[in-house]
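Letter by letter, the chains look like this.
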Amino acid sequence: MEIKKGIGVSTGVVVCQALLLTEDELRIGRRAIAAQEIETERQRLANALAASRADIRALKEQTAHDFGRETGAIFNFHLGLLDDPTLLDTFYQGIEKNRFTAEYAVSQSLREYSKQFLKQTEAYFRDRVKDIYDIERRLVNKLQGRERVTLADLKDPVVLIAHDLTPSRTASLDKSKIKAVCIDAGGRTSHTAIIANSMGIPAVVGLDDITKEVTSGDLLIVNGHSGIVIINPDAGALEANKRYEERQAEFEASLKQLRDLPAKTKDGTEITLLGNIEFPYEVDNALAYGATGIGLYRTEFLYLSSEKEPDEEAHYQAYAEAVEKVGGRPIIIRTLDLGADKYTPWQARDPEDNPFLGCRSIRLCLANLDMFKVQLRALLRVSVLGDVRVMFPMVTTPMELRHAKMVLKDVMEELGEEGIAYNPYLPVGAMIEVPSAALMANSYAKACDFFSIGTNDLIQYTLAVDRGNQKVANLYTGANPAVLALIRNVIRVGNRANISVSCCGELGADIEFTILLVGMGLKTLSITPHSIPEVKKVIRSINMADAQRVARRVMSFEHSQQILNYLRDETRKVIPEAYED
Ligand code: PEP
Ligand code: MG
């Protein structure tokens, strides 16, 4: 038995066998072959091509059978590549002229080929890069005698063990098979963690080297709350875990009863609790946990989860579904926040050196107005279907906010000319998630209808700590006095300007910060839905005057650890059952 401690980012306890996902990245060494090896390499390549063609044909048939002919036709591009005479010629030339191994010849040619696709402006061609990469991987695996472990083929439930997972790959996991996720990399607010959380898959990140300690088939206990992973537990550990699960079930059942009660402090201050979502279907879940609306809809997952850049209709369908499900309650749709750790396939092949400080989010949109306008058109069209609001992420200067609003106005005019209905009074908000915006909140308050504090990014940019890097995860904390001073400033400015201020970062879902945030004057929290009952329970157990006292006291401390200890003590006083282990 071995015990590992990581960062629990999505609660739930799972006892299940492990599946180790081996590194997907291909590393093919360049080795020159001798003249007498040429024929063997040619033959190996021919075999790999034939086997890959057969696999893809079978896949095409199966897909057409399961999902229809049109979907099956996706594989025509793959088959076309494998029969493209020019491409095949470069493979064989690589072997014959350059004396490359078959693997290297294939990899080299396909990577060169993919660059031409990357240069295209049309999304269709850029989307094909992923397919080219897929063919490369398939051929190389055939040549190296490896078969790919595809998660789609899983028969039994497993705990997925991986070095890292991209947010989009996490979003595509099959919940019925993947019972929990444990990864070496990642921090508390990495997007992979956020997705696992919203999908309700227990997850532990920042485990450093779990991929080296676990082999497929090992039995694991994964605790997504405490971050403890037990490898091959003994009978005592299994027994203790059973008792823990029973207590948790009782606690959760008691929380469910809070669903329809208001999130009101004992002395009557009402706090609005909204849910964060990534996909429209999550609205039901958010409402089931007692959310009174959606305070953050992360629309970039529409891009990450589709094969090609979504068109206006795809945006419209997704937003309309969410708005309809939310049923007249407010829904804040955040415009595209791609970049940093959220990449589409075509961006991923053209990386920036410093992506968190690069062309991400609103910067990316303002630099790609055609793409931005497609999203805004759809958003404006759904604005007449319910209480829709729009929010721009990562604004760093007031000019950026103004520019985004100007584009929105242009799109309104276009729709007006086309006779398409939209809400001309659509509330516009700014995410405050960069220190420059938090410090100068006054300038932004004049230009928008609401603020939403994005603590996930605000913490990383204030402390210069990558939110997804496990090596610096111990430095990443919202309890840092500088972070708290910024949060307090935004709340004060918003309250004085009479605009609503919410917090939609993960800090808002941490019950140890609830008293503090309420005491600072925050009236709205938008959080991961399953945290709503617990946060509500804290709110219903406190007095405003006490919360304000706690907030004042916290601001007098100089060290994060002092603040964390103090907040834990204060929280334990009002909700001791959350601390029973
Ligand atoms: C944040 O930064 O706090 C936030 C809510 O946005 P995201 O996590 O999507 O970056
Ligand atoms: Mg953010």
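Residue positions are given per chain, counted from 1 along the sequence in the order it is written. Each chain is given a letter, starting from A, and each ligand a number, starting from 1, according to the order in which they appear as written. Two thresholds apply to this predicted model, a pLDDT of at least 70 for residue-level local features and 80 or more for giving and counting side-chain atom pairs, whereas whole-chain, interface and lining totals are computed over all residues. Side-chain figures throughout are based on the complete set of non-hydrogen atoms in the structure, without hydrogens or water.

Asker: Before we go on, may I ask you to explain the overall build of the protein in this structure?
Answerer: On a plain count of helices and strands, the protein comes out with 25 helices and 16 strands. We compute the radius of gyration over the C-alpha atoms and compare it with the globule rule, which gives 2.2 Å times the number of residues raised to the power 0.38. Rg of the C-alpha trace for the protein: 26 Å, near the compact-globule value of 25 Å for 581 residues, within the 12% margin. Dimensions of the protein along its principal axes, counting C-alpha atoms only, are 85 × 70 × 45 Å. Considering only residue pairs separated by 6 or more positions, the protein has 70% of its internal contacts joining residues 24 or more positions apart. The charge count treats Lys and Arg as positive and Asp and Glu as negative. His and the chain ends do not count. Charged groups are reduced to one reference atom each: NZ for lysine, CZ for arginine, CG for aspartic acid, CD for glutamic acid. Across the protein, the centroid of the 70 positively charged side chains sits 3 Å from that of the 80 negatively charged ones. By definition, any uninterrupted DSSP run of H or I lasting at least four residues is a helix, any uninterrupted run of E lasting at least two residues is a strand, and each is numbered from the N terminus. We call two residues contacting when some pair of their heavy atoms lies within 4.5 Å.

Asker: Can you help me understand empty space enclosed by the protein in this one?
Answerer: It is a probe the size of a water molecule, rolled over the atoms, that shows where empty space is left. Cavities and pockets were defined on a 1 Å grid built over protein atoms only: a cavity is a set of grid points that admits a 1.4 Å probe from which the probe cannot escape, a pocket is an open set flanked by protein on both sides within 12 Å along at least five of seven lines, and lining residues are those with an atom within 4 Å of any such point. Grid points are joined across faces, edges and corners, and a volume is the space filled by probe spheres set on the points. Following the criterion strictly, the structure yields 3 cavities of 30 Å³ or more and no others. In this structure, the largest cavity encloses a volume near 70 Å³. Around the largest cavity, the lining comprises 14 residues; the ones closest to its centre are R298, R334, M431, E433 and N456. Looking at the lining of the largest cavity, the elements with two or more residues in it are β10 (294-298) and α20 (455-463). In this structure, the second largest cavity spans a volume of roughly 40 Å³. Every residue along the wall of the second largest cavity is listed here: I194, N197, S198, N276, E278, R298, E506 and T528. Tallying contributions element by element places helix α8 (residues 191-199) first for the lining of the second largest cavity, with 3 residues. Across the lining of the second largest cavity, the residue classes tally to 1 nonpolar, 4 polar and 3 charged. Classification convention: Asp, Glu, Lys, Arg as charged; Ala, Val, Leu, Ile, Met, Phe, Trp, Tyr, Cys, Pro as nonpolar; all other residues, Gly among them, as polar.

Asker: How do you make sense of the packing of aromatic side chains when you look at a structure like this?
Answerer: The description of an aromatic ring pair rests on the distance of the ring centres and on the angle between the ring planes. Between rings of Phe, Tyr and Trp, where Trp is taken as its six-membered ring, a pair exists when centres lie within 6.5 Å; planes separated by under 30 degrees are stacked, by over 60 edge-to-face, and by other angles tilted. Per the counting criterion, the structure on display carries 6 aromatic pairs. An angle of 75 degrees between the planes, with centres 4.8 Å apart, marks the rings of F100 and Y104 as edge-to-face. Pair check on accessibility: F100 and Y104 agree, each one buried. Relative to Y319, the ring of Y297 lies with its centre 5.8 Å away and its plane at 90 degrees, an arrangement referred to as edge-to-face. With Y297 in strand β10 and Y319 in helix α13 (residues 312-326), this pair connects stretches of sequence that are 22 residues apart. Like Y297, the residue Y319 is buried in the burial classification. Throughout, exposure labels follow a simple rule: accessible area from a 1.4 Å probe, protein chains only, divided by the maximum for the residue type, with under 20% read as buried, over 50% as exposed, and the rest as partly exposed.

Asker: Help me understand the coordination of the magnesium ion (ligand 2) in this model?
Answerer: Reference values for angles at a metal are 109.5 degrees in the four-donor tetrahedral case and 90 or 180 degrees in the six-donor octahedral case. Coordination here is defined by N, O and S atoms within 2.8 Å of the metal (3.2 Å for Na, K and Ca), and since water is not considered, a site can look incomplete. Bound to the magnesium ion (ligand 2) on the protein side are E433 (OE) and D457 (OD), at distances that span 2.0 to 2.1 Å. Within this pair, whereas E433 is found in the loop between β13 (428-432) and α18 (435-439), its partner D457 is found in helix α20, the two being separated by 24 residues in sequence.

Asker: What exactly am I supposed to notice about the pattern of salt bridges here?
Answerer: Opposite charge on two side chains allows them to pair when their charged atoms are near. Salt bridges are counted wherever a side-chain nitrogen of Lys or Arg sits within 4 Å of a carboxyl oxygen of Asp or Glu. Within the structure shown, the criterion is met by 30 salt bridges. One salt bridge in this structure joins K537 and E577, with 3.0 Å as the shortest N-O distance. Placement of K537 in helix α23 (residues 532-540) and of E577 in the segment after α25 (560-574) is noted, with a sequence separation of 40 residues between them. Salt bridges sharing common partners tie together E312, E313, K373, R377, R381, E414 and E418.

Asker: Help me understand the site of ligand 1 in this model?
Answerer: For each residue, the test is whether any non-hydrogen atom lies within 4 Å of the molecule or strand; if one does, the residue is near. The environment of ligand 1 is formed by 16 residues, the closest being R298, R334, E433, N456 and R467. Pairs of N or O atoms within 3.5 Å make up the polar contacts considered here, provided that, within protein, one atom can donate a hydrogen while the other can accept it, and that residues adjacent in sequence are counted only when both atoms are side-chain atoms. Contact distances for ligand 1 include 2.9 Å between an oxygen atom and a side-chain N or O atom of E433. A distance of 2.7 Å separates an oxygen atom of ligand 1 from a polar side-chain atom of R467. The way we define it, a molecule is inside a pocket or cavity when more than half of its atoms are within 2 Å of that pocket's grid points. Here ligand 1 occupies the largest cavity. When residues of the shell around ligand 1 are traced back to their parent elements, those giving at least two are α8, β10 and α20. By residue number, the principal contributor to the shell around ligand 1 is α20, which donates 3 residues.

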